[in-house]
Amino acid sequence: MQKKQKKSRLSILFTALALSLVVSACSGSKGENGSGADATNAPPTQGEGTPSTETEPAEQPLEPVTYTMNSIVQYMNWDNPVAKEITNRTGVTIKWENVAQNEPEKVNLWLVGGDYPDLLWLNDDFLGDYMKANAVQELGDLIQKHAPDIMAAFHNDLSPITQEDGKVWALRAPPVKEIDNQGSRGWVHVQIAVLEEAGWPEIKTLDDVYNVVSSYAAKHPEINGGKTIGFSNYGNDNQFYNNFELGSSTQYMGGEVHVGPVQVHEDGSVRFKWFEEGSTDVLRMLNKANANGLFDQEWLVQTPDQFKAKCTQGRVLAALGAAPCSADLAQLGMADRQYISFDVLREGAVRKTNVNLNGSDRWLAISKNVDDPVRVIEFMNEMYKLENQILLGWGIEGETYNVADGVRTIADGVYEKVTGAPDGYEQLGLSYGRYFMLPWQSGAKLSDGDYSRFNLSTSWVAAGLTPEIRDALKRYNAETFADLKAEETPVVVAYGNMKQPDDVVSWRTEAISEWNKAASEVILEPDASKIDAIWAEFEQTMKNKGLDEMNAKLTQMYQEFLNK
């Protein structure tokens, strides 16, 4: 039986990252932050030595004030327990200007008319436009004079929020020091029924994956009246690359950090990864599966809906890359056909993972219409205090969360309240963190070592799993899928922040198309001895198209970007 993996804590000292943070700060007004976070998707933690961590309000209550502020949440309101507590602690009430639809149009109309909200929550492009129009106030001196908690959160270094003109025009959540993403999962998904029949075997290698699927398929050639499918997923419209290649071989290969189709090496060199060690291992396993009737050839071209139709019949024993249809299977009464996600890493490989330590995905600016910007900075300084970061991320102790042994856990019923209504977050007041500079990236922690948000915690992630999945995870001594992931070495790589010219994008698009052809050919080749020749031909094709020159160009571009 597989032992529980030690959780991969992505804990990084701020001082070791100062250079990369300055680099990312310099790109502040060059386009929307690409942190993906869910999709799903980033905000701050407290710095060491934050001056105030007491739970009482400020010694001298601040005068009551109301500010207008924009949001993109349809149900945003100021009528819930958290809002009332924020007002109680700071004297501030927020009147929301909700622009859930047509945000760009509305933000531009505000700029033209000059009647924008007092507090402006803006993406990079919007902030750049407002800066050029002198519609926002410079904050550097205000922060240094009136915001000791903000200064402490940035370790007395405002460079991460300093724009290219050397000024601070908006707040951004400061970078976090520790990330531990309990919502992450491996890239190999196997049905519970398959694992149970095999006696809950270890899944650590590609052979383990193949053997458990092959054995079950041999005993059960049909499921629910249809042919059993060993491996499948969706792959139409370039999704075989996006869904499979990025989610499988990238994870399997380990080694240097992967950003899309390239590896970024410690020495700053960049090269396309497809010809590195281990790059064809997963394809070779699928070739074997195809030879033995376990590979769904329609995977290469079918849409997500076409795959889902097979998946919800319970016929797909395993999927690689994107996670399949567990929720649908549970609702359809096939709980044992749900999937457990494993993380297979090439033997001897060490996985380096690029982490995003930037605290948020947007900026908070003070419009020029505000007569007393000091009062706003005083309010935001309060929000940066640890007890108020906890309030923003977790709500009210005893109501939305509890503390046991120093660890915050969601209170009973919170998961159901949040997920059971379209305005579940807003009813409980748990939507404000992103707007008031709380750490927002997956796995972010506060200075007390606990998660910045309730829905990043182990208790939340576990609450979203069905009883059958929780029971299966226990067989592997795990609470969440993250417990089954391989150890990772966290690094910060700025390559993803580098704007790439059109010719590079076009070349990469053509290269991915060539990969799709070669990968499909490898999987479907009836003579496995020809795989090496297929891949060698693919490499030569890319060299003829300028592979070496493109690797050199990307390396030079990246070096120049780092030296800016």
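Everything that follows concerns the structure shown earlier in this document.
In this text the structure is predicted, and so the values were computed from the model without any measurement.

Peer 1: For this particular structure, what's the right way to read the overall build of the protein chain?
Peer 2: Of regular secondary structure, the protein chain possesses 22 helices and 19 strands. Carbon together with sulfur atoms contributes 46% to the accessible area of the protein chain, which is approximately 24,100 Å² in total.

Peer 1: How should the sheet that holds strand S6 (residues 188-191) be read in this particular structure?
Peer 2: Pairing between the strands of a sheet is mediated by backbone hydrogen bonds and can be parallel or antiparallel. Taken in spatial order, the four strands line up as S9-S13-S6-S14 in an open sheet, and their pairing is mixed. Here the strands that pair on one side only, and so sit at the sheet edges, are strand S9 (229-231) and strand S14 (339-342). Here the strands of the sheet are splayed against their neighbours by 20 degrees on average, with no regard to which way each runs. Sheet topology note: the S6/strand S13 (residues 316-320) ladder contains three bridges and is antiparallel. Bridging from a neighbouring strand, His189 pairs with Ala319 of S13.

Peer 1: Would you explain a negative patch on the surface in this entry?
Peer 2: On the surface, Glu196, Glu197, Asp336 and Glu468 cluster together into a negatively charged patch. With respect to the element layout, Asp336 can be found in the loop between helix H13 (326-331) and S14.

Peer 1: For this particular structure, what's the right way to read the state of the cysteines?
Peer 2: The term disulfide refers to a covalent linkage connecting the sulfur atoms of a pair of cysteines. Tallying each qualifying case throughout the model produces one disulfide. Here Cys311 is linked by a disulfide to Cys325, with a sulfur-sulfur distance of 2.1 Å. Looking along the S-S bond of the Cys311-Cys325 disulfide, the torsion reads about -100 degrees, which is the left-handed sense. Of this pair, Cys311 sits in helix H12 (residues 304-311) while Cys325 is found in the loop between S13 and H13, placing the two residues 14 residues apart along the sequence. Accessibility assignment for this pair places Cys311 and Cys325 in one class, buried.

Peer 1: Help me understand the sheet that holds strand S11 (residues 262-264) in this model?
Peer 2: As summarised here, the arrangement of the three strands in space is S10-S11-S12, forming an open sheet in which the pairing is antiparallel. Edge strands, defined here as strands with exactly one partner in the open sheet, are strand S10 (257-259) and strand S12 (270-272). In this sheet, neighbouring strand axes are inclined to one another by 35 degrees on average, regardless of whether the strands run parallel or antiparallel. Where S10 lies against S11, three bridges are found, and the strand directions are antiparallel. Its bridge partner lying in S11, His258 is registered against Gln263. The sheet contacts of helix H22 (residues 547-562) involve S11 and S12, and relative to S12 the element is tilted by about 145 degrees.

Thresholds applied
- Residues numbered from 1 in each chain as written.
- Predicted model: local features only at pLDDT ≥ 70, side-chain atom pairs only at ≥ 80, totals over all residues.
- Heavy atoms only, no water.
- Helix = DSSP H or I, 4+ residues; strand = E, 2+ residues; numbered from the N terminus.
- Areas by Shrake-Rupley, 256 points an atom, 1.4 Å probe, with all protein chains shown as cover.
- Pairing = 2+ DSSP bridges.
- Axes fitted to C-alpha atoms, helices over the stretch in contact; angles between N-to-C directions.
- Patch = residues over 30% accessible without salt bridge, like charges linked within 9 Å, V, L, I, M, F, W, Y side chains within 5 Å.
- Salt bridge = Lys/Arg side-chain N within 4 Å of Asp/Glu carboxyl O.
- Lys, Arg positive; Asp, Glu negative; His and termini not counted.
- Charge placed at Lys NZ, Arg CZ, Asp CG, Glu CD.
- Disulfide = S-S within 2.5 Å.
- Buried < 20%, exposed > 50% of the residue type's maximum accessible area, 1.4 Å probe, protein only.
- Contact = heavy atoms within 4.5 Å.

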